[in-house]
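Given next are the chains, with one letter for each unit.
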Amino acid sequence: MFEKILVANRGEIACRVIQACRELGIATVAVYSDADADALHVRMADEAICIGAAPNSSSYLNAANILSAAVVTGAEAIHPGYGNLSEDANFAEAAEGCKMTFIGPSAEAISRVGDKAAARKTMRDAGVPVVPGSEDGIRDADDARQIAGELGYPVMVKASGGGGGRGIRIIHNDQQMKEAVSQASSEARSAFGNGELYVEKYMEDLRHVEVQVLADKHGNCVHLGERECSIQHRHQKLLEESPCAAVSSSLRRRMGEAAVRAAQAANYSNAGTVEFLLDQRGRFYFIEMNARVQVEHPVTEMLTGVDIVREQIRVAAGEKLRYEQGGIWFNGHAIECRILAADGERGFMPSPGTITRWEFPSGPGVRVDTGVACGSVVSTHYDPMIAKVICWDQTRDLCIERMRATLQGARIEGIKTTIPYHLMLLGNAYFRRGEITTQFIQRRLPIPTGGAL
Ligand code: MV4
């Protein structure tokens, strides 16, 4: 097992990884930018080393400085967290080139699932149902129109070079195609350095359900159930939960088996997530695979009792999975609310500042994963998500009430947060009935852009 791990990230995920290392008796090295010298993750780690100036591009995306920091501190492995360099195959390869273990899939597996158009092909060949769409990337708008003609509008163009929401457009007719393709392609080029797009049939009013997989380097792979992730604002998830109200135990088994097939087809190891769209008749379609631990991994941990980050470290060290599929149980219900330093009453406008009060209730089934504390300075250099509140209870209704009580009990001063919006969400009749699709925010609870809630 590793003796020292460098955590190549910041915020709550850095704190999360440091905690997992501590439980395993592994020393930790934190990296920080000039703006993060007093950050919580720096205070938690055994060692800390500055890797650059405040802008993310100068520090947490600065692969050379991070690798140098790992070498000079004698780290044997690097945990990238999520975002930043976590799905950068070149970084993974460079770490291995410096004789360090990258805690994640191999560089080849990252590349294979990171090319979203090629991944669809891999999955189709593996017998995983895929959203109808183009075989490969498209050449230009005419090519896209041709494919849209076969699929029928509306269609979605997406970036081959990366997932999430950048470089995505929904197109309703031929006239919109040229502009949409040019905008999406330039957005993708600036975000991922790759302007290639592919086309999919836009499947309206479905659920966005992802399955967690965990694979070791010895050919073993299990799934850890699904997460309902339809509640997104501008392709940013706001609230996730598990299990998904629309997934029966037999559907869970089928989606889980498809996700395991997807991981095996990609020759995948470590933690990964297979994203599907699920329709009202229980048919599911692959959209993409993510080669990193996800923000929302705690809801799966609360249901299964599996510590995903700890298993990532064990698998990276060459250990065999300690779980058989038959030994994975899904108990109760878990919900995660992402707490952003943003004004939930003004269109989620960023709300930087110094936190002068930071208190959350605690108790059975209440977990707060955070990278801030009282006195922390929240800047606009980085992602505005400063904490995740995760609640577990025996049923969905009890879990909703526990989450509401926890958020109502929060005492945060110095910045605005999205807690007011989350409380509205948890009180919304459609949400409480589990009537959730990808259109939920737009149709049931639009983000207020100004004035009191
Ligand atoms: C889709 C889709 C419908 N049809 N793909 C992909 C990235 C993720 N952030 C959202 N994604 C989606 N991909 C096809 N072919 C629906 C979503 C989607 C979504 C789309 C618009 C508005 C909100 C959404 C919430 C979840 C999923």
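Residues numbered from 1 in each chain as written. Predicted model: local features only at pLDDT ≥ 70, side-chain atom pairs only at ≥ 80, totals over all residues. Heavy atoms only, no water.

Describing the layout of surface pockets
Where empty space is left in the structure can be found by rolling a water-sized probe over the atoms.
Part 1 of the reasoning: Within this model, the second largest pocket holds a volume of roughly 360 Å³.
Part 2 of the reasoning: Lining the second largest pocket are 23 residues, and of these Arg10, Asp36, Ala39, Ser376 and Val377 lie nearest its centre.
Part 3 of the reasoning: Contributing elements (two or more residues each) for the lining of the second largest pocket: helix 1 (11-23), helix 2 (40-44), strand 22 (377-378) and strand 23 (385-393).
Part 4 of the reasoning: The element best represented in the lining of the second largest pocket is helix 2, accounting for three residues.
Part 5 of the reasoning: Looking at the lining of the second largest pocket, its residues break down into eleven nonpolar, six polar and six charged.
Part 6 of the reasoning: There are two domains that each give the lining of the second largest pocket at least three residues, and those are domain 1 (4-103) and domain 3 (207-444). (1 Å grid on protein atoms, 1.4 Å probe; cavity = no way out; pocket = protein on both sides within 12 Å on 5 of 7 lines; lining within 4 Å. Points joined across faces, edges and corners; volume = space filled by probe spheres on them. Helix = DSSP H or I, 4+ residues; strand = E, 2+ residues; numbered from the N terminus. Nonpolar A, V, L, I, M, F, W, Y, C, P; charged D, E, K, R; others polar. Domains from an automatic or database assignment.)

Some words on the packing of helix 4 (residues 89-97) against helix 5 (residues 107-114)
Part 1 of the reasoning: Axis separation between helix 4 and helix 5 bottoms out at 8 Å; the angle between their running directions is 175°. Between helix 4 and helix 5, the interaxial angle falls into the category roughly antiparallel. Seen from helix 4, the contacting residues are Ala89, Ala92 and Glu93; seen from helix 5, they are Ala107, Ile110 and Ser111.
Part 2 of the reasoning: Its residues assigned to classes, the contact of helix 4 with helix 5 comprises four nonpolar, one polar and one charged. (Axes fitted to C-alpha atoms, helices over the stretch in contact; angles between N-to-C directions. Parallel < 35°, antiparallel > 145°, perpendicular 65-115°, else oblique. Contact = heavy atoms within 4.5 Å.)

Details of the sheet that holds strand 7 (residues 169-171)
Part 1 of the reasoning: Strand order across the open sheet formed by three strands is 7-6-8, with antiparallel pairing between neighbours. In this open sheet, the two strands that pair with only one neighbour each are strand 7 and strand 8 (197-201). Ignoring which end each strand starts from, the neighbouring axes of this sheet average 30° apart.
Part 2 of the reasoning: Across three bridges, strand 6 (residues 155-159) lies against strand 7 in antiparallel orientation. By the bridge assignment for strand 7, valine 155 is matched with isoleucine 171. (Pairing = 2+ DSSP bridges.)

What about the site of the ligand?
Part 1 of the reasoning: In the region of the ligand, 15 residues are neighbours, and Lys158, Glu200, Lys201, Met203 and Gln232 sit closest.
Part 2 of the reasoning: For the ligand, a nitrogen atom lies 3.0 Å from a polar atom in the side chain of lysine 158.
Part 3 of the reasoning: The side chain of glutamine 232 places a nitrogen or oxygen atom 2.9 Å from a nitrogen atom of the ligand.
Part 4 of the reasoning: When contributions to the shell around the ligand are tallied by element, the ones reaching two or more residues are strand 6 and strand 8.
Part 5 of the reasoning: Within the shell around the ligand, the residues separate by chemical class into six nonpolar, six polar and three charged.
Part 6 of the reasoning: The two domains that each donate at least three residues to the shell around the ligand are domain 2 (132-201) and domain 3 (207-444). (Near = heavy atom within 4 Å. Polar contact = N/O pair within 3.5 Å; in protein donor to acceptor, adjacent residues only side chain to side chain.)

Quick notes on the environment of tryptophan 392
Part 1 of the reasoning: Locating tryptophan 392 in the fold gives a position in strand 23.
Part 2 of the reasoning: Setting aside residues up to four positions removed in sequence, tryptophan 392 forms contacts with Met302, Leu303, Asn331, Gly332, His333, Ala334, Gly365, Cys399 and Arg402.

Quick word on helix 3 (residues 63-73)
Turn by turn, an α-helix covers 3.6 residues, leaving residues three or four places apart pointing in a common direction.
Part 1 of the reasoning: Buried within helix 3 we find Ile66, Leu67, Ala69, Ala70 and Thr73. The buried residues of helix 3 occupy an angular sector of 155° when the element is viewed end-on, so they sit on one face.
Part 2 of the reasoning: Where the residues of helix 3 are buried, they touch strand 1 (4-7), strand 2 (27-33), strand 3 (47-52), strand 4 (77-79) and helix 4.
Part 3 of the reasoning: Following helix 3 by one or two positions, glycine 74 has its phi on the positive side, about 75°. (Buried < 20%, exposed > 50% of the residue type's maximum accessible area, 1.4 Å probe, protein only. Arc of directions from axis to C-beta.)

Comments concerning the environment of methionine 203
Part 1 of the reasoning: Structurally, the position occupied by methionine 203 is in the loop between strand 8 and strand 9 (207-215).
Part 2 of the reasoning: Judged by its relative accessible area of 17%, methionine 203 is buried.
Part 3 of the reasoning: Considered as a pair, methionine 203 and leucine 278 are 75 residues apart in the sequence and their alpha carbons are 9.5 Å apart.
Part 4 of the reasoning: In this view, methionine 203 contacts Val131, Pro132, Leu277 and Tyr285; residues no more than four positions away in its chain are not counted.

What to know about the domain arrangement of the chain
One frequently used descriptor of interface size is the decrease in accessible area upon assembly of the parts.
Part 1 of the reasoning: Considered domain by domain, the chain is made up of domain 1 (4-103), domain 2 (132-201) and domain 3 (207-444).
Part 2 of the reasoning: On a C-alpha basis, the centroid separation for the pair domain 2 and domain 3 is 28 Å.

So, the sheet that holds strand 2
In any sheet, the strands associate via hydrogen bonds between backbone groups, in a parallel or an antiparallel arrangement.
Part 1 of the reasoning: The strand order 3-2-1-4-5 describes an open sheet built from five strands, whose pairing is parallel. Only two strands of the sheet have a single neighbouring strand rather than two, namely strand 3 and strand 5 (101-102).
Part 2 of the reasoning: By the bridge criterion, five bridges tie strand 2 to strand 3 in an arrangement that is parallel. Paired with tyrosine 32 across the two strands is cysteine 50, which belongs to strand 3.
Part 3 of the reasoning: In the packing of helix 3 onto the sheet, the strands contacted are strand 1, strand 2, strand 3 and strand 4, and the crossing angle to strand 3 comes to about 150°.

Quick look at the nonpolar core
Part 1 of the reasoning: Grouped together as the largest cluster of nonpolar side chains are 66 residues, with contacts concentrated most on Ile231, Ile313 and Phe431.
Part 2 of the reasoning: With six residues, helix 1 is the single largest residue contributor to this core.
Part 3 of the reasoning: Phenylalanine 431 has contacts with Ile231, Leu239, Glu241, Arg396, Ile400, Leu425, Leu426, Ile436 and Phe440, leaving out every residue within four places of it along the chain.
Part 4 of the reasoning: In terms of nonpolar packing, the next biggest core, distinct from the first, is built from 55 residues, Tyr32, Met123, Ala258 and Leu278 among them. (Core = buried A, V, L, I, M, F, W, Y, C linked by side-chain atoms within 4.5 Å.)

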